[in-house]
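Take a look at the letters that make up each chain.
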Amino acid sequence: MNLLKITDLQTHFVFHDIDNYRREARALNKVNLNLNRGEIVGIVGETGAGKSLTAQSICGLLRPPAKVVGGSVLFLGKELLSLAEEDLNDIRGAEIGMVVQNPKSSLDPLTRIGDQLVRIHQTHTASAISVARSKAIAMMHAVGIPDPEKRFSAWPHELSGGMAQRVLIAMALMNEPKLLIADEPTTGLDVTVQAQILELLKDLVRRFEMGTIIITHDLGIVAHYCDKVAVMFAGEIVEYGTVTDIFRRPGHPYTKQLLASTPEKLKLNEAGSLGGQPPDLFNLPEGCLSQDRCSLASDQCRTPPPVITLETGQTVRCHFALQ
Amino acid sequence: MPPSVTHQLTWPRRTANRVRGLSRLSPTAAAGVVIIVCFGVLALFSEWFMTHDPVSSYPDRILQGPSYEHWFGTDGNGMDIFSRVIYGAKFGFGIAIPAVIIAVLIGIPVGLIAGYRGGALDEILMRIFDGLRVFPSIILALAVVAATGQSLLNVVLVLGFLDSPVFARLVRAEVLALRSSNFVESAIAAGNPTWRILFFHLLPNTIQGAMAQTAVRAAWAVRISATLAFLGIGIQAPTPEWGAMIRQGAEFMVTGQWWVAIFPGIALIFLVFGLNLLGDGIQDILDPRRRASK
Amino acid sequence: MRQPILRAKNLVKRFSVGRSSSYVNAVNGVDLTIHRGEILGMVGESGSGKSTIGRTLLRLTDPTEGLIEFDGRDITSLSAKELRPLRKDMQMVFQDPWSALNPRMKIGDLIAEPLRIHLKLSEPDLRDRTELLAKKVRLSTEFLNRTPSALSGGQLQRVCIARAIATNPKLIILDEPTSSLDLSVRAGILELLMELREETQAGFLFISHDLGTIKLISDTIAVLYLGRIVELVPKEALFNEPAHPYSQSLLSAHLPADLDAPIQRLILEGEIPSPIDLPSGCSFHTRCPAAVDVCKTATPQPELIAQNHHVSCLRLKDGGNILSRQQA
């Protein structure tokens with residue numbers, strides 16, 4: 001059984017204009033993703049491609065106007081989308097851990113960090129305070145916070161960005177989750193600190209055998225820290241497979257574009273680079289969503305592209321995947 | 001990520017939304033607009049509505065109650081109160097509009113320069129404005145009008161001057177927030193002289209808040225000018241100004257001739273009320289944060 | 001030798017914090033020279049003072065100490081008014097294109113603004129030049145009548161670049177011009193910049209925290225740590241044989257989006273110290289694996305170790321190369 005199985009997940013933004021005219025932005029269109037224990041999957045894509053929205057949809061953290069309108073999210077065989085809020089609360093923070101961007105604004109500024117760790121443990125287990133406390137200190141040690149006994153009573157504002165991110169990771173791991181979702185865990189941190197955090201994450205994932213989703217726009221992180229990668233464009237996963245396969249033989253034209261525009265691969269003075277706008281989510285084109293930005297696009301692309309599995313096992317949503 | 005989605009609204013769509021938003025004022029603001037338009041018509045075309053000459057007295061009809069001939073009755077001089085109330089709208093607008101214009105013309109440049117330059121100039125200007133604010137404006141206005149000579153023009157000038165700190169402060173606060181913003185820095189880097197930065201870059205981005213205040217400040221000016229007249233400063237009695245009329249009518253209240261003061265009082269309340277309603281409506285439109293919180 | 005357009009000597013910038021007597025030591029003695037036709041890349045993490053250096057060099061903020069020479073003329077203490085005519089020849093592109101443009105001006109007016117200020121052109125000439133500039137940065141002329149809110153980030157950055165090149169400046173400082181843009185948009189902007197470099201023969205200072213971008217675009221690279229240049233080096237030399245321990249760890253922390261790029265992890269302990277309490281001696285000694293006692297007291301001076309390759313490290317000769325030591 002997959003740890004996480006997302007099938008045809010659809011999330012829309014539903015707006016009501018001042019005159020009650022209803023408009024929908026189709027932000028996620030049929031997202032499919034499977035994740036096993038001990039696997040690190042990277043989700044990459046441009047701003048607005050729906051990376052963070054996918055994470056929020058999985059955890060039931062959507063706020064209006066965003067709304068899941070279809071599909072299923074099976075976590076250990078349990079349908080998350082139909083769970084009541086209380087049941088979801090039991091899972092979030094316990095079996096599913098989340099690490100978000102902007103670590104400094106994600107900590108309760110009025111509670112000492114040790115108490116925040118203890119609180120999240122006691123919310124989900126009936127353990128005594130002394131047990132929770134020693135667990136918190138052990139976890140702070142595990143995420144590389146020096147001098148955990150002393151830092152236990154530190155306030156969030158006393159932490160640097162990197163330390164705050166470590167605390168958040170410790171919080172996410174307090175109840176030994178089976179699934180960890182990290183949304184841009186190192187964006188905004190310096191590269192030398194990013195290196196520390198990524199090494200730590202990788203080490204912890206291996207140690208606890210967690211299934212992990214890392215959402216990022218940095219292909220370098222994907223190349224060196226992920227096992228698999230899902231490439232998103234306009235709310236669709238256009239390609240999914242192992243990092244090696246996709247980086248060596250990208251199947252989808254958009255993946256090729258994306259890889260070619262990294263500084264490492266970018267050939268300056270070579271005319272005809274890509275660019276262009278992502279499609280208007282209120283008014284998506286018929287058929288393939290990336291047709292306006294694709295050099296291969298033809299009349300065929302006006303019909304929805306099939307999802308084709310290549311012999312390497314990577315899946316590609318494109319009419320021309322086999323050519 | 002909702003902002004990135006709304007960001008993708010194409011511009012004609014957004015403009016269309018904005019226009020639709022304007023035409024869909026809240027019911028209270030719409031009521032304000034109706035009231036103001038009515039008074040505006042009365043002020044501009046009072047000759048069409050007045051049944052009598054507002055300043056000719058009928059010595060034989062002193063202090064008569066409302067009747068078919070005199071709808072709102074007559075006052076102590078035997079003048080027709082209905083016509084006087086209508087004519088009074090001219091004073092209401094005639095004082096409020098120029099006073100607000102003067103306040104804007106003084107306040108906005110002062111706020112721009114004080115906010116942008118900062119330093120001692122800013123300190124001094126702001127302390128003067130604080131000084132003006134701690135005094136009850138009515139007492140200050142009273143003193144200044146009494147000292148400078150009692151004329152309509154003086155009332156307008158004094159009100160405009162006294163109200164200018166409101167606009168100066170608003171603009172200054174916005175300028176302070178924008179002074180170190182990227183686009184101002186990029187304007188400096190492009191080599192803009194100071195006057196261009198003030199008028200092409202800062203002014204268009206700060207004026208909205210000030211404009212949102214104009215209707216409310218006009219209501220203030222109407223109120224204060226009526227109060228001055230009521231106290232016998234500035235505009236004098238037989239002039240058909242509402243404050244002066246209320247002052248005249250006040251003495252008859254005790255003897256039972258209520259209509260002399262009540263009708264100009266109602267007109268005054270309605271105009272101030274209408275301006276405030278409109279002011280609220282404008283603020284709702286110009287300030288998206290206020291709109292969102294509703 | 002190419003003609004130097006900007007020189008800074010011992011540039012220092014301190015900001016006072018609140019009303020207390022403590023200071024943020026943003027820039028602590030920087031020497032650099034930018035030549036025409038050259039792109040000097042400046043790389044550093046947050047708190048390294050790289051943005052402050054850019055703004056100080058253009059006198060958008062006043063230096064606390066030091067000397068700035070632009071086109072052979074000392075501009076360190078010129079007044080804002082005296083600087084204004086010089087701004088024609090030195091321009092800047094900012095990091096965040098969304099906030100760098102006046103939201104209430106039309107794109108056409110924004111591009112034309114530097115021309116309006118510095119050149120006396122007739123209206124038709126002005127319009128022609130504006131359209132030409134728009135074409136040069138590959139911005140559709142239909143945007144000229146729109147306001148910034150109608151454009152995407154990449155398009156806005158093109159507007160900023162058009163503004164910066166409008167008066168054919170001799171120096172352009174780019175402060176993280178691509179950091180807030182998506183990968184594919186970023187590529188287009190970088191291509192445009194390379195093209196402009198060939199055409200304009202201006203000197204460029206390209207500030208970024210991203211080694212990948214810096215590697216792609218620069219000729220010479222200045223590595224910054226806590227307001228000091230620790231290594232000033234031609235690009236190839238930096239990527240082949242970084243000399244300063246900090247450059248080495250920065251390079252090892254960089255993740256190229258390339259499976260075949262060997263990565264050698266050299267994870268530094270801790271984070272950049274606060275610029276309010278600068279470490280004594282070599283400011284990198286608190287995190288440097290090669291640090292010894294002398295690093296805590298003596299301040300390293302730039303040393304020429306190869307052609308155009310300057311390094312400020314006290315342990316260059318005996319053990320500063322931590323990468324090779326790790327391999328051994």
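The structure presented is a predicted model; accordingly, all values stated were derived computationally and were not measured.

Draft legend 1. Main features of the sheet that holds strand β12 (residues 309–311) of chain C. Residue and element names in this part refer to chain C. Taken together, eight strands build an open sheet; the order of strands is β6-β7-β8-β3-β9-β10-β12-β11 and the sheet is mixed. Pairing within the sheet leaves two strands with one partner each, and these edge strands are β6 (90–93) and β11 (303–306). Going from strand to strand, the sheet's axes swing by 20 degrees on average, the running direction of each strand aside. Bridge count between strand β7 (residues 171–175) and strand β8 (residues 203–208): five bridges; the pairing is parallel. If you follow I173 over to β8, its bridge partner there is L205. In this fold helix α9 (residues 245–253) packs onto β3 (39–43), β9 (220–225) and β10 (228–234), with an angle of close to 100 degrees to the strand it touches most, β9.

Draft legend 2. Region of interest: the nonpolar core. Formed by 99 residues in total, the largest nonpolar core has its most connected members in L6, L32, L57, L139, I161 and L171 of chain C. Setting aside residues up to four positions removed in sequence, I161 of chain C forms contacts with V93, V137, I189, L192, L193 and L196 of chain C. Core analysis: the next-biggest nonpolar cluster, separate from the first, contains 95 residues, A25, A27, I213 and I215 of chain A among them.

Draft legend 3. Fine view of the interface of chain A and chain C. In this complex, chain A contributes 40 residues to the contact, which on the side of chain C involves 35 residues. Here chain A meets chain C over a buried area of about 3200 Å², counting both sides, of which 58% is carbon and sulfur. Here chain A is connected to chain C by one salt bridge. D260 of chain C is the salt-bridge partner of R248 of chain A, the closest N and O atoms lying 3.0 Å from each other.

Draft legend 4. Layout of the environment of T147 of chain C. Residue and element names in this part refer to chain C. Among the structural elements, T147 can be located in the loop between α4 (123–136) and α5 (153–165). Note: C-alpha distance between T147 and Q307 (160 residues apart in sequence) is 49 Å. Discounting chain neighbours no more than four positions away, the residues touching T147 are P103, M105 and I107.

Draft legend 5. Main features of the confidence of the model for chain A. Predicted confidence across chain A gives a mean pLDDT of 85, with 95% of residues reaching 70 or more. Mean pLDDT across the elements of chain A ranges from a minimum in helix α7 (residues 191–208) of chain A, with 84, to a maximum in strand β3 (residues 40–44) of chain A, with 93.

The rules behind the values
- Residues numbered from 1 in each chain as written.
- Chains lettered and ligands numbered in written order.
- Predicted model: local features only at pLDDT ≥ 70, side-chain atom pairs only at ≥ 80, totals over all residues.
- Heavy atoms only, no water.
- Pairing = 2+ DSSP bridges.
- Helix = DSSP H or I, 4+ residues; strand = E, 2+ residues; numbered from the N terminus.
- Axes fitted to C-alpha atoms, helices over the stretch in contact; angles between N-to-C directions.
- Contact = heavy atoms within 4.5 Å.
- Core = buried A, V, L, I, M, F, W, Y, C linked by side-chain atoms within 4.5 Å.
- Buried < 20%, exposed > 50% of the residue type's maximum accessible area, 1.4 Å probe, protein only.
- Buried area = accessible area lost by both parts, 1.4 Å probe.
- Salt bridge = Lys/Arg side-chain N within 4 Å of Asp/Glu carboxyl O.
- pLDDT = per-residue confidence, 0-100.

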